[in-house]
Amino acid sequence: MPKNAPPDDAASARAALPHVHAIAAYQPGKPITELARELGLAVESIVKLASNENPLGMGSMAKAAIRAALEGGARYPDPFALTAALAARHGTAASQIVLGNGSNDVLDLAARVFLDGGRSAVAAQYAFAVYPIATLSAGGEMIVAPAKNHAHDLAAMRAAMRSDTCLVWIANPNNPTGTFLSAAELRAFLADVPARVAVVLDEAYNDYLDAEEQYDAVRWIAEFPNLIVCRTFSKIHGLAGLRIGYGVAAAPVANLMNRVRHPFNCNNLALAAASAALEDKEFIAKSHAANRQGMADITAALQRLDLGYIPSRGNFLTFRAGKDGEATAAIHRSLLRQGVIVRPLVSYRMPEWLRVTIGAPAENARFLEALETALKEA
Ligand SMILES: *Cc1c(COP(=O)(O)O)cnc(C)c1O
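Keep in mind it's a predicted model, so treat the numbers as computed, not measured. (Residues numbered from 1 in each chain as written. Predicted model: local features only at pLDDT ≥ 70, side-chain atom pairs only at ≥ 80, totals over all residues. Heavy atoms only, no water.)

> Tell me about the overall build of the protein, residues and numbers included.
The helix and strand tally for the protein stands at 14 helices and 13 strands. Radius of gyration (C-alpha) of the protein: 21 Å, near the 21 Å computed for a compact globule of 378 residues. For the C-alpha atoms alone, the extent of the protein along its principal axes is close to 55 × 55 × 45 Å. Each of the 378 residues in the protein was classed as buried or not, and the buried ones make up 52%. For the protein, restricting intrachain contacts to residue pairs at least 6 apart in sequence, the fraction spanning at least 24 positions comes to 73%. Accessible surface, the protein as shown: approximately 17,400 Å² in total, 55% of it carbon and sulfur. A gap of 3 Å separates the mean positions of the 36 positive and 36 negative side-chain charges of the protein. (Helix = DSSP H or I, 4+ residues; strand = E, 2+ residues; numbered from the N terminus. Rg over C-alpha atoms; globule rule 2.2 N^0.38 Å. Buried < 20%, exposed > 50% of the residue type's maximum accessible area, 1.4 Å probe, protein only. Contact = heavy atoms within 4.5 Å. Areas by Shrake-Rupley, 256 points an atom, 1.4 Å probe, with all protein chains shown as cover. Lys, Arg positive; Asp, Glu negative; His and termini not counted. Charge placed at Lys NZ, Arg CZ, Asp CG, Glu CD.)

This is the structure:
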């Protein structure tokens, strides 16, 4: 123990708010450097397919924008340009945009605006792990509605709502399952939900949908002013490390979210990179195509290996690695020993599943090779 470490049972920690004690900490994908330290491996030899990051890295336009913005580091950030670009992109007023330090920040803002002790939020079983964290952090109660075939069951979510329910979380496509709700299903749900209940539609993976699956939820806000649409630059735009995302909402809702937002929550480099990334059509198209091909390669290989998976519309795939949680944990450990990091889903209560991010072709090949080795060892 370090010399200046306080005792483990600090009375102030014990006396902290019960709803904070009730939070199960978010479990991020294992960082490359951590596995390198643990196994004494070279950082370059490790393949990380655990956090749904873009395997192509950042686009060249974003990189150039970051370089150009470096000199402005002494100034507080000015969100005007990105806000205006996003409003133009979505055909909204600038007053409808809420910028976030990652879209996780936006989810948190929504929770802080709508939740408190005595209020509840509804999310689906197997929905993104940040929803319960944001809900509990705000003091709200998390109601989990059962999933259907690992997908959100909107009827079950509607049935789970109570008179104190003020917020509903929907991820479309969902992480970690990759399941998808059609525009028609979402609209029917919105029409059915009381107007006082905020509906957060988290579209982190929207850009990975094929053209025929695309829908424009922002256009629905005029009809359903309780709808908050969240997007991120962390996934297809390749800016996960810069932390930038946004929400689009009715102006009065966005106004409230902006009141609880830290004034300078998005830094200069992230703002500049995001503005550039938004315009980099070529990089987005390239990322989309690479994901599609990688997804086809990995699903084909899993079929060959006779492993079940949940068809995914994101940039990741959740597959049943072993017959039970123990077998899957062994396969996960073997992958790590071979320098391949994927995401275990024990914290989602899906212990027999692993989630792999679609990587670059060489990364996908390394993963599949390591998986075959792991399966032989089992
Ligand atoms: C990755 C992800 C996000 C985005 O998180 P950021 O904070 O923007 O990096 C949001 N929602 C879901 C479902 C995700 O998987």
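That shown, we press on.
> Account for the side chain of K235, with residues named and values stated.
Note that K235 resides in the loop between β7 (227-232) and β8 (245-248). Here K235 is buried and forms no salt bridge, its nearest opposite-charge partner D202 lying at an N-O distance of 7.1 Å. At 3.1 Å, the side chain of K235 and the side chain of Y205 are in polar contact. Not counting the four nearest positions on each side in its chain, K235 is found in contact with S51, N52, N54, A204, Y205 and Y208. (Salt bridge = Lys/Arg side-chain N within 4 Å of Asp/Glu carboxyl O. Polar contact = N/O pair within 3.5 Å; in protein donor to acceptor, adjacent residues only side chain to side chain.)

> Can you lay out helix α4 (residues 60-69) for me, pointing to particular residues and giving the numbers?
When we look at burial in α4, the residues that qualify are A62, A65, I66 and A69. Projected down its long axis, α4 carries its buried residues within an arc of 100 degrees, all on one side. Exposed positions of α4 whose direction lies more than 90 degrees from the buried face are S60, R67 and A68. Next to the buried residues of α4 lie α11 (268-279). (Arc of directions from axis to C-beta.)

> How would you sum up the site of the ligand? Please name residues and give values.
The ligand sits among G102, S103, N104, F128, N175, D202, A204, Y205, T232, S234, K235 and R243. One nitrogen or oxygen atom from the main chain of S103 is found 2.6 Å from an oxygen atom belonging to the ligand. In the model, an oxygen atom of the ligand is placed 3.0 Å from a nitrogen or oxygen of the N104 main chain. In isolation the ligand offers 390 Å² of accessible surface; the protein chains occlude 93% of this area. Partitioning the shell around the ligand into residue classes produces 3 nonpolar, 6 polar and 3 charged. (Near = heavy atom within 4 Å. Nonpolar A, V, L, I, M, F, W, Y, C, P; charged D, E, K, R; others polar.)

> I'd like to hear about the domain arrangement of the protein, residue by residue, with values.
Assigned domains of the protein: these are domain 1 (15-56 + 282-377) and domain 2 (60-280). Buried surface at the junction of domain 1 and domain 2, both sides included, amounts to about 2,600 Å², of which 62% is carbon and sulfur. Broken down residue by residue, the surface that domain 1 buries against domain 2 is led by I284, R313 and Y348, which jointly contribute 26%. A salt bridge links E213 to R313; its shortest N-O distance comes to 2.5 Å. Of all the secondary structure elements, the ones that give two or more residues to the side of domain 1 that touches domain 2 are α12 (281-304), β10 (316-320) and β13 (353-357). Residue contributions to the side of domain 1 that touches domain 2 peak at 7 residues, all from α12. Taken together, the residues of the side of domain 1 that touches domain 2 break down into 14 nonpolar, 11 polar and 6 charged. (Domains from an automatic or database assignment. Buried area = accessible area lost by both parts, 1.4 Å probe.)

> Tell me about the pairing of strand β2 (residues 97-100), residues and numbers included.
Residues I97 and L99 point to one face of β2 and V98 and G100 to the other, with burial holding for every one of them. Of the strand pairs in this sheet, β2 and β8 are connected by 4 bridges, and their pairing is antiparallel. Within the sheet, the bridge partner assigned to V98 lies in β8 and is G247. (Pairing = 2+ DSSP bridges.)

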